[in-house]
Amino acid sequence: MATRNFRKEICRHCGLKLLVPFEERTIHCPSCGGITILQSRFNGNVHYLPINTQVTGSNQVSPSLAHGKKRAVLCGITYKGHQKSLKGSVNDVLIMRELLIKRLGFPSSSVLLLTEERDPYRIPTKHNIRASLRWLIKGCRSGDSLVFYYSGHGSRVRDRDGDEIDGYDESLLPVDYETEGRILDDEINATIVRPLPHGATLHAIIDTCFSGTFLDLPHVCSINREGYYKWDDHRVSHAYKGSSGGFAICISACKDHQNSADTTAFSGTATGALTYSFVKTLEQETELTYGRLLIAMIERIRKAQEQVGLKESHESQEPQLSTTQMFDIHSKLFTI
């Protein structure tokens, strides 16, 4: 689908393979930060820019993404031109970025966006998403706060290694998934959860279908409308799903067998139901516990669905919480 408008290039600094639009003159590598000016536009000469620079316009460079104590990767994919394209993914990324920067203290220089529309140097291909996740976890240490946000399509595939209690792996669909394939939850866990060191925190906010165990974390919270909850154990004896001592939390749009909604019901503009309810809850309430956040999102989504009469497959959408460490969701405050 989307790959028909791209060509394959290689970062001259680290060798990472990337897909870039045909008309682009430079590559900005999401892994090492290096920039290569492509030879096809410059009479056969390949030019290099230092790794600590990035392109901000057609002929400008500025300092690259900072690698501070608070950093985030925000990925939104619309699958433009595809019959199952999404309308709200870019909107989702933008409101998440505003929340992180304006309310939660993330430096704008430490927030990496991957979209088809926003920045031609950061297309959400499989290669680029993988590289961005490596950037997120690279050099992580105690006290760091990381965020991985995804809005796009998700899918379920048969589990091949026996580490899923329901027999299915959850997966992320990059913009080029039809040619390059999916990214499984096993890989996401291995890349950003398993290396997470003691004292560091990772929050994943996943707005896609079939996302209940999207990070493949060992403990999943089941909660009812009255706030009573229990922890379900998703560990298996032959596969480690935890971290290296860090605290990973995933807030996902729905259970593994459910669909999630891309809707205009909340604001008249297309957004993901989870994303909008998450952002609005944090904007309107202070001193939130994880339990209160989860209940508030469930209530917002349920009310919106009742108003617009969403079809049955969406009426059961229930945001989920999973983690590396069990805790009391009604006493632990939500902090990023």
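Residues numbered from 1 in each chain as written. Predicted model: local features only at pLDDT ≥ 70, side-chain atom pairs only at ≥ 80, totals over all residues. Heavy atoms only, no water.

A.B. asks: Got a minute to help me understand the overall build of the protein chain in this structure?
C.D. replies: The helix and strand inventory of the protein chain stands at seven helices and 20 strands. Looking at the 336 residues of the protein chain, the share that counts as buried comes to 56%. The contacts in the protein chain between residues at least 6 apart in sequence include a share of 66% that link residues at least 24 apart. Accessible area of the protein chain: about 14,700 Å², with a carbon and sulfur share of 47%. (Helix = DSSP H or I, 4+ residues; strand = E, 2+ residues; numbered from the N terminus. Buried < 20%, exposed > 50% of the residue type's maximum accessible area, 1.4 Å probe, protein only. Contact = heavy atoms within 4.5 Å. Areas by Shrake-Rupley, 256 points an atom, 1.4 Å probe, with all protein chains shown as cover.)

A.B. asks: Hey, could you run me through the pattern of salt bridges in this one?
C.D. replies: It is possible for side chains bearing opposite charge to pair when their charged atoms get close. Scanning the entire structure with this criterion turns up eleven salt bridges. Salt-bridge contacts for lysine 102 lead to glutamate 98; the nearest nitrogen and oxygen are separated by 3.4 Å. In this pair, lysine 102 and glutamate 98 both sit in helix α1 (residues 89-103), four residues apart, roughly one turn of the helix. Lysine 102 sits in the exposed class, given a relative accessible area of 66%. Residue lysine 230 is joined to aspartate 232 by a salt bridge in which the shortest nitrogen-to-oxygen separation is 2.4 Å. Look at lysine 230 and you get partly exposed, because its relative accessible area is 48%. Residues joined in a network through salt bridges with shared partners are Lys69, Arg71 and Asp144. (Salt bridge = Lys/Arg side-chain N within 4 Å of Asp/Glu carboxyl O.)

A.B. asks: How should I be thinking about the pairing of strand β16 (residues 229-233) in this particular structure?
C.D. replies: Here strand β15 (residues 219-223) pairs with β16 via five bridges, running antiparallel. From the neighbouring strand, valine 220 faces β16, where its bridge partner is aspartate 232. Linking two consecutive strands that pair antiparallel, namely β15 and β16, is a turn of five residues; a positive phi of about 95° is found at glycine 227 within it. (Pairing = 2+ DSSP bridges.)

A.B. asks: What is the right way to read the nonpolar core from this model?
C.D. replies: Side chains that are nonpolar tend, in soluble globular proteins, to be buried together. Among the nonpolar cores identified, the biggest contains 37 residues, and Leu74, Phe278 and Leu321 are the most heavily contacted of them. Counting residues per element, the ones that place at least two in this core are β8 (70-76), α1, β9 (111-114), β10 (145-151), β15, β17 (247-252), α5 (273-284) and α6 (290-308). Per element, the largest residue contribution to this core is six residues, and it comes from α6. (Core = buried A, V, L, I, M, F, W, Y, C linked by side-chain atoms within 4.5 Å.)

A.B. asks: I would appreciate a short explanation of the packing of aromatic side chains in the present structure.
C.D. replies: The geometry of two aromatic rings is summed up by the distance between their centres and the angle between their planes. This model, assessed by the stated rule, comprises eight aromatic pairs. For the pair tyrosine 150 and phenylalanine 214, a centre-to-centre distance of 6.0 Å together with 15° between the ring planes defines the contact as stacked. One end of the pair, tyrosine 150, is in strand β10; the other, phenylalanine 214, is in the loop between β14 (201-207) and β15, with 64 residues separating them in the sequence. Neither residue differs from the other here; tyrosine 150 and phenylalanine 214 are each classed as buried. Through successive ring pairs, a cluster of aromatic residues spans Tyr229, Trp231, Phe247, Phe278, Tyr290, Phe327 and Phe334. (Phe/Tyr/Trp six-rings, centres within 6.5 Å; stacked < 30°, edge-to-face > 60°.)

A.B. asks: How do you make sense of the sheet that holds strand β20 (residues 320-323) when you look at a structure like this?
C.D. replies: Sheet strands line up and pair through hydrogen bonds in the backbone, either parallel or antiparallel. Taken together, the eight strands give an open sheet; going across it, the order is β9-β8-β10-β14-β17-β20-β15-β16, and neighbouring strands pair in mixed fashion. Edge positions in the open sheet fall to β9 and β16, since each of these has one partner strand only. Geometrically, the sheet is characterised by an average inter-axis angle of 15° between neighbouring strands, direction not taken into account. Strands β8, β9, β10 and β14 of the sheet are contacted by α1, whose axis makes an angle of about 165° with β8. The sheet contacts of α5 involve β10, β14 and β17, and relative to β14 the element is tilted by about 130°. (Axes fitted to C-alpha atoms, helices over the stretch in contact; angles between N-to-C directions.)

A.B. asks: Help me understand α1 in this model?
C.D. replies: The α-helix winds at 3.6 residues per turn, so residues separated by three or four positions along the chain end up facing the same way. Relative to the 21 Å expected for 15 residues at 1.5 Å per residue, α1 spans 21 Å between its end C-alpha atoms, a close match to the ideal helical length. Within α1 the residues assigned to the buried category are Ser89, Val90, Asp92, Val93, Met96, Leu99 and Leu100. Backbone geometry just after α1 places glycine 105 at a positive phi near 80°. (Expected span 1.5 Å × (residues − 1).)

A.B. asks: Got a minute to help me understand the packing of helix α2 (residues 126-137) against helix α4 (residues 185-193) in this structure?
C.D. replies: Geometrically, a packed helix pair is captured by the angle between its two axes and the distance between the axes. At a minimum axis distance of 9 Å, the contact between α2 and α4 shows a crossing angle of 30°. The angle between α2 and α4 places the two elements in the roughly parallel class. Along its contact with α2, which presents Arg130, Leu133, Arg134, Leu136 and Ile137, the element α4 presents Glu187, Thr191 and Ile192. Looking at the contact of α2 with α4, its residues break down into four nonpolar, one polar and three charged. (Parallel < 35°, antiparallel > 145°, perpendicular 65-115°, else oblique. Nonpolar A, V, L, I, M, F, W, Y, C, P; charged D, E, K, R; others polar.)

A.B. asks: Which parts of the structure should I look at to understand α5?
C.D. replies: Under the 1.5 Å per step criterion, the end-to-end length of α5 is 16 Å for twelve residues, consistent within 8% with the ideal 16 Å. Across the twelve residues of α5, nine count as buried, placing the element largely inside the fold. Inspection of α5 places Ala273, Leu274, Thr275, Tyr276, Ser277, Phe278, Val279, Thr281 and Leu282 among the buried residues, and these make up the whole buried set.

A.B. asks: Explain the environment of leucine 321 to me, please; I cannot follow it from the model alone.
C.D. replies: Among the structural elements, leucine 321 can be located in strand β20. Along the sequence, leucine 321 and leucine 217 sit 104 residues apart, while their C-alpha atoms lie 9.8 Å from each other. Not counting residues up to four positions away in its chain, the partners in contact with leucine 321 are His219, Val220, Cys221, Trp231, Ile249, Cys250, Ile251, Tyr290, Leu294, Phe327 and Ile329.

A.B. asks: How should I be thinking about the packing of α1 against α5 in this particular structure?
C.D. replies: The geometry of α1 relative to α5 is characterised by a closest axis approach of 10 Å and an angle of 20° between their N-to-C directions. Looking at the two axes, α1 sits roughly parallel to α5. At the point where α1 passes α5, the crossing takes the left-handed sense. On α5, the residues that touch Asp92, Ile95, Met96, Leu99 and Arg103 of α1 are Thr275, Phe278, Val279, Leu282 and Glu283. Tallied by class, residues from the contact of α1 with α5 come to six nonpolar, one polar and three charged. (Left-handed = near helix turned anticlockwise from the far one by under 90°.)

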